[in-house]
Amino acid sequence: MQLSRRTLLAVSGATASVVLTAGAARAAAREEESVNDFDVLLDRAQTLLTGGAFDPSDPDFAAGVAALDSTAGALWDTLDRTAGRTALWPDLAPLTDPGNFGQSYTRLRTLAVAWATPGTALSGSAETAEALLGALRFAYDSAYHPAARETGNWWFWEIGAPRALMDCCVLLRERLPAADLADYLAVVDRFCPDADRRTNSPTLPETGANRTDKAVIVALRGLLGKDADKVASARDALSDVRDSGRNSLFRYTTSGDGFYEDGSFVQHSVVAYTGSYGTVLLGGAAWLLSLLAGSAWAVADPKVSVMYEAVERSFVPVIFDGLMMDAVRGRAVSRERAGDHRDGVAAVAAILLLATGAPAGLADRWRSLVKGWLTRNRTTPFTSLATLPQLALAKAVLADREVPAAPRTTGSFVFADMDRVVHRRPGWACTLSLSSKRISAYEAGNGENLHGWYTGDGMTYLYDGDDLGQYNDGFWPTVDPYRLPGTTVDTRPRDDLGTGAGTSTYRPPNAVAGGAALDGRYGAAAMELIGAPGSSLRARKAWFLLDNTVVALGAGITSDDGRPVETVIENRNLGADGRNRLLVDGIPRPGGQGRNGAPGQARWAHIEGVGGYVLPGGAALHTLREERTGTWRAIDTGADTGGSTDPVTRRYLTLWLDHGPSPDGAGYAYVLLPGASAAATAVWSASRPVRVLANDATAQAVEDRRTGLTAVHFWAAGTAAGITASGPATVLVRRRGARVSVAVADPGRTGTSVTVGLPFTVRRAAEADDTVELTPGRRPLLTIAVGGSRGRTHRAELVQ
């Protein structure tokens, strides 16, 4: 922690001064110190915006300056600086449109950062400073002023524009006329007077990332206006002092927005959003904690530890070699300029910034994790995407020889409160995106994520440590959105989602979505699929997540719409010119584009450089190798996120099973062998070390003979693999000698208790959760109090 704090101070060139708050007798001294604090903290805010001093000979910093210079140079060249202008940039007219003035302020901030950064073409330029001051004045007079009325997207009025405006004022404060500053503070007071309430809906409390964003804005407004009460209110908003902590960012929530104890993060009440809004919250909180550290307004809430725990519980499991998993990025997957690596950079930088004030043990572990992520990722290096402030944080870690690079995180993680499951092995990771009546199948809106129909229907993301560009390399504009891997869908045409203002979500009516994890190493998950309105499709889907294997089962696939129903095993992005060989039962399939392999009974398939796919017992496997062309604009027309109309072409290999039109009780079984060779896939298919023991409307079960693991998802009371359950439950049992490990969950949250019977003798419990009661004997019973447990896993260690 000391090293990190010194690093931050060295970068900022600032030291914190502590303001005493003892008594009235020291009022004059306090006032003097408060003024000094304002200036010190404004210097620190500028450093957080620019990155502070850096070595211009360092190639990474030089590249960062060049990137900033290029972006700012293009904005400078197109900025309308004429006396009769009606907008600041011709593509952002009329300026009175919220999206246009919101983006205009963001562009002005980029110019201001370039002006304040040594080494850029605009650095210290008097002409640039004067143009920026004039542009800010013009934007205020024309569009964003206290007399204006909120229209369109509230976010531009209350977060986007005021944050960029305050950042500009911080950077230009030495040149900013006092009258102009007063006006800009007044417009912030109008649209973002505090972080506690939505201005256009005063009874609506701000939550999650929105509260953090507003707290930063209010803090900067307080520092610029030398208003101690404003700065204090920003700090207090983090803890929600106004409402006695009800919306505190430093607490676990049990509904709506925020962090949950199981590591879930939800925003917009029902959307799994760790990788977008969650990152914004973490980054904003870290920013404000660092900004106010050592001052009179330093955050002293002991519950800030929740933010530290969130790094471990919420972020580490969903960051893979520096990229942020798409299953937790919501509608942000459709944003051309915010791919999984870029959102990963933001999360990594937020973790590093938070580490500057975290307890030493945690801070050291996070730096070690970050170093491992950054050194392994050569597909899209952190340094190629990071801003200068982010670079300053990362370079300090990379250069520190005392910080070891941690290996990849492994384990099985069930995020029951956001319907996500993550399974991580040393070379790969598998992530399941589920949905239920609690968590939406997708979020669209403001022109974003127009084709996200099936992203929450069991989409299965397979991350390969040797192929980190899979979902970042033009995947979303080019993938067939009707054939997302892991999903079971009918083939009806769908209309674009979210074309109007505001956001929209769809929550299916099913209760079951989630699962259980055993020994932090194995997992089982299930989802009842109920088709969206307009589809009668129903299915029961389960996944079993093992050492080097993922087994996917489907049962009860039924529809009466007359349309074909498909289950997609894989839809792999091969890049712009990929020629990966496809083998089916050892026979090469044609390599030409547009070749749809004739379906035939197959036992296994293998995609070169990806892994193997086994069909236990054989199945009619369909294959397609094709080039697909799309545009980012086709999936995102958002005012400030809309993609380009430039065509993007990528090659795909698709494997799927066709259940035919209006299937009645159809099923499937397939196995993923990530990273396996063709030979290993053939051997696995022949030896079948993992057996499917049940796959019907009552239970889906597998047995892994290598590890002694049996896993079952019960849809109703029944028996499978010798294990019984009194009602719906996910059950994993592993025998190792005389020891038995058991994990049980109720992902549907429908029961108060469930009784699980085991088919072998158990003498006693070595340890068990207090929700688990054992009745030992030759046919032992475990009674688990699942009611109120929110779908979490209950564990017991038994002795035979």
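Refer to the preceding data block for the structure.
Residues numbered from 1 in each chain as written. Predicted model: local features only at pLDDT ≥ 70, side-chain atom pairs only at ≥ 80, totals over all residues. Heavy atoms only, no water.

Grouped together as the largest cluster of nonpolar side chains are 207 residues, with contacts concentrated most on Tyr105, Leu108, Leu111, Leu165, Met166 and Leu291. Broken down by element, this core gets its largest block of residues, twelve residues, from helix H6 (residues 154–172). The residues touching Leu111, leaving out its near neighbours within four places in the chain, are Ala72, Leu75, Trp76, Leu79, Trp89, Leu122 and Leu132. (Core = buried A, V, L, I, M, F, W, Y, C linked by side-chain atoms within 4.5 Å. Buried < 20%, exposed > 50% of the residue type's maximum accessible area, 1.4 Å probe, protein only. Helix = DSSP H or I, 4+ residues; strand = E, 2+ residues; numbered from the N terminus. Contact = heavy atoms within 4.5 Å.)

Another point: the side chain of Thr549. Within the fold, Thr549 resides in the loop between strand E17 (538–545) and strand E18 (550–558). For Thr549, a relative accessible area of 0% translates into the label buried. If near-sequence neighbours (up to four positions away) are discounted, Thr549 is found in contact with Trp428, Phe544, Val671, Leu672, Leu673, Trp684 and Arg706.

Moving on, we get to the pairing of strand E36 (residues 781–784). By the alternation rule, side chains of E36 split into Leu782 and Ile784, which are all buried, and Leu781 and Thr783, of which none is buried. Here strand E33 (residues 754–757) pairs with E36 via four bridges, running antiparallel. The residue bridging Val756 from the neighbouring strand is Leu782, located in E36. The sheet contact formed by strand E35 (residues 772–775) and E36 spans four bridges and is antiparallel. Within E36, the position partnered with Val772 by the bridge is Ile784. Joining the antiparallel neighbours E35 and E36 is a turn of five residues, in which Gly777 adopts a positive phi near 140°. (Pairing = 2+ DSSP bridges.)

The next subject is unusual backbone geometry. Looking along the chain, the bond that leaves Ala93 and enters Pro94 is cis, with omega of 0°. The residue Pro94 is located in the loop between helix H3 (59–78) and helix H4 (98–116) in this model. For Asn449, which is not glycine, the phi dihedral falls at a positive 60°. Of note, Asn449 is situated in the loop between strand E11 (442–445) and strand E12 (459–464).

With the rule as written, the count across this model stands at 26 aromatic pairs. Ring geometry for Phe101 versus Trp157: centroids 4.8 Å apart, planes at 80°, classification edge-to-face. Here the residue Phe101 occupies a position in helix H4, and Trp157 occupies one in helix H6, the gap between them amounting to 56 residues. Assessed through its relative accessible area of 2%, Trp157 is described here as buried. Counting every residue linked through ring pairs, the aromatic cluster contains Phe320, Tyr461, Tyr463, Tyr471, Phe475, Trp476 and Tyr652. Of note, Arg163 hangs over the ring of Trp287, and the distance from its end group to the ring centre comes to 4.8 Å. If you follow Arg198 out to its NZ or CZ, it ends over the ring of Trp154, 3.5 Å from the centre. (Phe/Tyr/Trp six-rings, centres within 6.5 Å; stacked < 30°, edge-to-face > 60°. Lys NZ or Arg CZ within 6 Å of the ring centre and 35° of its normal.)

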